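Spelled out, the chains give:
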Amino acid sequence: MGDIVGLVLPFFGMILLGYVVARITRQPVEALGWLNTFIIYIALPALFFKLVAKTPIEQLTRVDFILANISATYLVFALIFAVGLWLRRATIGEATIQGLAAAYGNIGYMGPGLALLAFGEPAAVPVALVFCFENMLHFMVAPALMAVAGGEKQPAIPIAGGVLRKIVTHPFIIATAAGFVAAFAGYEPPAPLQRLIDYLAQAAAPCALFAMGVTLALRPLKRVPVEIGYIVPAKLLLLPVTMYLVLGFAGNFDPVWVFTAVLLAALPTATNVFVIGQQYGVWQERASATILITTVLSVATVTILLYLIKSGLLAGDPFP
């Protein structure tokens, strides 16, 4: 257990440092802008390119893994969407944000650093696949459902064009696509360029985690919504369990791939859920509360999950 604590303490410690520093210095939210720009446009893309480019191309085309991962994620999304819509009498827009709060984990900021720390470089490919395809689907589902709800006033074709543009121009997607091309062509960057990529990639996790802590401090918890009672267990418990079982049913995957997908599923709600809620003016304050609560509780749930994995109590294949 000491090894597990040693693994997660620096990780969540960076989030805590960001939170504490933000509360002490009282900088405005705009002060975070350039750090976020560095993380989103430089550091994390460098990390994704580095990981994917070094991977054998046959591992990058595991459609069965991609479909299983997306199926598990959207089973939970559909459940929470339905609960919000029919039991809580929420609007379609509100139910959409609730579903994303339960299914959209912090796979960009937290995922790569924690998975690589826990499982090493073999986790790189499943991390990249989960990130790319889940984000693409989230980017499509959110505006599509908001359009149905009336939150989008534009015609369907401009909406679809905007969604496609967001997908193909996202820095993470571009970097991953470049990594696919490099892996397919067997391209190796010159040594000076490779050192720059390595240097930037090493900065990705600490900067992203620090920024996440600052963001949590700048969005204080004002009230605890009733929906937290079912969204938090769905995000931190139901989604990783569903992911584990669906991957077991879908095929015989490498245990590292299974554990990586389950770990990513167990991460707290992504800050992008708040951004989407803010964009459409729907459920934004409660989305912020969900992010804060799931992040705090995930210190315990992620630690327990890693203990189960590292101790061998959780098998790599649920149906041997």
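In the block above lies the structure referred to throughout.
Predicted, not measured: the structure shown is a model, and the values here were computed from it.

A. Representation of the packing of aromatic side chains in the model. This structure, assessed with the given rule, holds eight aromatic pairs. Ring plane angle 80 degrees and centroid distance 5.0 Å describe the contact between Phe65 and Trp257, whose orientation is recorded as edge-to-face. Separated by 192 residues along the polypeptide, Phe65 in helix H3 (residues 63–87) and Trp257 in helix H11 (residues 255–265) bring together distant segments of the chain. What makes Phe65 buried here is its relative accessible area of 1%. Overall, the relative accessible area of 6% leaves Trp257 in the buried class. A network of ring pairs unites the aromatic residues Phe65, Phe253 and Trp257 as a single cluster. A cation sits over an aromatic face here: Arg62 above Trp257, 5.8 Å from the ring centre.

B. Structural detail: the packing of helix H12 (residues 271–280) against helix H13 (residues 284–310). Packing of H12 against H13 leaves a shortest axis separation of 8 Å and a crossing angle of 175 degrees. On the basis of their axis angle, the class for H12 and H13 is roughly antiparallel. Residue-level inspection shows Thr271, Val273, Phe274, Gly277 and Gln278 of H12 in contact with H13, the latter providing Gln284, Ala287, Ser288 and Ile291. Looking at the contact of H12 with H13 residue by residue, the class counts come to four nonpolar, five polar and no charged.

C. Examining the pattern of salt bridges more closely. Applying the stated criterion across every chain yields a total of five salt bridges. Here Lys50 ties to Asp198 by a salt bridge, and the two come within 3.4 Å at their closest N and O atoms. Of the two residues, Lys50 is situated in helix H2 (residues 33–53) and Asp198 in helix H9 (residues 191–218); the sequence distance between them amounts to 148 residues. Across the salt bridge formed by Glu227 and Arg286, the nearest N and O atoms sit 3.8 Å from each other. Taken together, the residues span a long stretch of sequence, with Glu227 in the loop between H9 and helix H10 (228–250) and Arg286 in helix H13 at a distance of 59 residues.

D. Broad picture of the environment of Ala53. Within the element layout of this structure, Ala53 appears in helix H2. In the structure, Ala53 is positioned 135 residues away from Glu188 in sequence and 8.2 Å away in space, judged by C-alpha atoms.

E. Seen up close, empty space enclosed by the protein. Summed over all chains, the structure comprises two cavities of 30 Å³ or more. Roughly 50 Å³ of internal volume is contained in the largest cavity. Every residue along the wall of the largest cavity is listed here: Asn69, Ala103, Gly105, Ile107, Val130, Glu134, Leu239, Met243, Ala261, Leu264 and Ala265. Breaking the lining of the largest cavity down by element, the ones donating at least two residues are helix H6 (124–149), H10 and H11. At three residues, H11 tops the list of elements feeding residues into the lining of the largest cavity. In terms of residue class, the lining of the largest cavity is made up of eight nonpolar, two polar and one charged. Around the second largest cavity sit Thr215, Leu216, Arg219, Thr271, Ser288 and Ile291, which together line it. For the lining of the second largest cavity, the elements supplying multiple residues, two or more each, are H9 and H13. Along the lines of polarity and charge, the residues of the lining of the second largest cavity split into two nonpolar, three polar and one charged.

F. Main features of the nonpolar core. Core analysis: the largest hydrophobic core is formed by 102 residues, its most contacted members being Leu263 and Leu306. Membership of the second largest hydrophobic core comes to seven residues, among which are Ala46, Phe49, Ala175 and Ala182.

G. Quick look at unusual backbone geometry. Not every positive phi belongs to a glycine, and Arg26 is a case in point at roughly 60 degrees. Note on placement: Arg26 falls in the loop between helix H1 (2–25) and H2. Phi at Arg89 takes a positive value of approximately 55 degrees, unusual for a residue other than glycine.

H. Region of interest: H1. In a regular helix each residue adds 1.5 Å, so 24 residues correspond to 34 Å; H1 covers 33 Å between its end C-alpha atoms and thus fits that length. Roughly 30 degrees is the biggest bend found in H1, and it falls at Leu9, with proline Pro10 one to four residues downstream. Among all positions in H1, only Ile4, Leu7, Val8, Phe11, Phe12, Gly13, Ile15, Gly18 and Ala22 are buried. Summarising the contacts, the buried residues of H1 are in contact with helix H5 (111–119), H9 and H13. Where H1 terminates, the next one or two residues include Arg26, which has phi positive at roughly 60 degrees.

I. Molecular detail of the side chain of Thr294. You can see Thr294 is positioned in helix H13. Residue classification places Thr294 among the buried residues on the basis of a relative accessible area of 0%. Ignoring sequence-local partners within four residues, the contact set of Thr294 consists of Val232, Leu236, Pro268 and Thr269.

J. Summary view of the side chain of Thr269. The topology assignment puts Thr269 in the loop between H11 and H12. On the basis of relative accessibility, which here comes to 0%, the residue Thr269 falls in the buried class. Within the structure, the side chain of Thr269 is placed 2.7 Å from the backbone oxygen of Ala101, a separation counted as a polar contact. The residues touching Thr269, leaving out its near neighbours within four places in the chain, are Ala101, Tyr104, Asn106, Lys235, Thr290, Ile291 and Thr294.

Cut-offs and rules
- Residues numbered from 1 in each chain as written.
- Predicted model: local features only at pLDDT ≥ 70, side-chain atom pairs only at ≥ 80, totals over all residues.
- Heavy atoms only, no water.
- Phe/Tyr/Trp six-rings, centres within 6.5 Å; stacked < 30°, edge-to-face > 60°.
- Helix = DSSP H or I, 4+ residues; strand = E, 2+ residues; numbered from the N terminus.
- Buried < 20%, exposed > 50% of the residue type's maximum accessible area, 1.4 Å probe, protein only.
- Lys NZ or Arg CZ within 6 Å of the ring centre and 35° of its normal.
- Axes fitted to C-alpha atoms, helices over the stretch in contact; angles between N-to-C directions.
- Parallel < 35°, antiparallel > 145°, perpendicular 65-115°, else oblique.
- Contact = heavy atoms within 4.5 Å.
- Nonpolar A, V, L, I, M, F, W, Y, C, P; charged D, E, K, R; others polar.
- Salt bridge = Lys/Arg side-chain N within 4 Å of Asp/Glu carboxyl O.
- 1 Å grid on protein atoms, 1.4 Å probe; cavity = no way out; pocket = protein on both sides within 12 Å on 5 of 7 lines; lining within 4 Å.
- Points joined across faces, edges and corners; volume = space filled by probe spheres on them.
- Core = buried A, V, L, I, M, F, W, Y, C linked by side-chain atoms within 4.5 Å.
- Expected span 1.5 Å × (residues − 1).
- Bend = angle between axes of the 7 residues up to and from the residue.
- Polar contact = N/O pair within 3.5 Å; in protein donor to acceptor, adjacent residues only side chain to side chain.

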